[in-house]
Amino acid sequence: MSFHNNQSFLKKVDELPHGAAWSCKKIQGNRMDEKGKPLHEDVELWMRNPVECIKDLIRNPLFKD
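Starting afresh in each chain, residues are numbered from 1 along the sequence in its written order. Per-residue local features of the predicted model are confined to residues with pLDDT of at least 70, and side-chain atom pairs are confined, for both listing and counting, to 80 or more; whole-chain, interface and lining totals are unaffected and use all residues. Each side-chain value is derived from all of the structure's non-hydrogen atoms; neither hydrogens nor water enter the calculation.

**Considering the pattern of salt bridges**
For salt bridges, the criterion is a side-chain nitrogen of Lys or Arg within 4 Å of an Asp or Glu carboxyl oxygen. Under the defined criterion, the tally for this structure stands at 3 salt bridges. Between Lys-12 and Glu-15 there is a salt bridge, with its nearest N and O atoms 3.7 Å apart.

Shown next, in the form of structure tokens:
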């Protein structure tokens, strides 16, 4: 399947069934460099509720039998 432009592709993506909602948590490390200065790096941790994911799988008619 080919698409004429990015917008037509994203429109098809939006038509796909949606599963459990995503949530994002920002985390920081607590490491120190060789001089004892804190090293900081913000990282995004994206996750889904595993119970909701299992519910979605159980409700899916493709996995009925």
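Picking up where we left off.
**Regarding a nonpolar patch on the surface**
Here a patch means residues that are over 30% exposed by relative accessible area and free of salt bridges, tied together within 9 Å if like-charged and within 5 Å if nonpolar (Val, Leu, Ile, Met, Phe, Trp, Tyr). Per-residue and other accessible areas follow the Shrake-Rupley method at a 1.4 Å probe size, with only the shown protein chains counted as cover for residues. Together, Phe-3, Phe-9, Leu-10, Val-13 and Leu-16 line one region of the surface with nonpolar side chains, adding up to about 400 Å² of accessible area. Examined against the element boundaries, Val-13 turns out to sit in helix 1 (residues 6–14). Here the term buried applies to any residue with accessible area under 20% of the maximum for its type, exposed to any over 50%, and partly exposed to those in between, with areas from a 1.4 Å probe on protein chains only. According to the relative accessible area criterion, Val-13 is partly exposed, its value standing at 33%. Starting at the N terminus, helices and strands are each numbered in turn, a helix being any DSSP run of H or I of at least four residues and a strand any DSSP run of E of at least two.

**Quick word on the environment of Glu-52**
You can see Glu-52 is positioned in helix 2 (residues 50–59). Along the backbone, Glu-52 and Phe-3 are 49 residues apart, and their C-alpha atoms lie at a distance of 32 Å.

**A short note on the environment of Asn-49**
By the element assignment, Asn-49 lies in the loop between strand 2 (42–48) and helix 2. Residue classification places Asn-49 among the partly exposed positions, given a relative accessible area of 40%. Residues are treated as being in contact if the distance between any of their heavy atoms lies within 4.5 Å. The contact partners of Asn-49, leaving out residues within four places of it in the chain, are Ala-20 and Ala-21. The definition of a polar contact used here is a pair of N or O atoms within 3.5 Å, where within protein one atom must be able to donate a hydrogen and the other to accept one, and adjacent residues in sequence count solely through side-chain atom pairs. There is a polar contact of 2.9 Å between the side chain of Asn-49 and the backbone nitrogen of Val-51.

In short, shape yes, function no, at least from these values alone.
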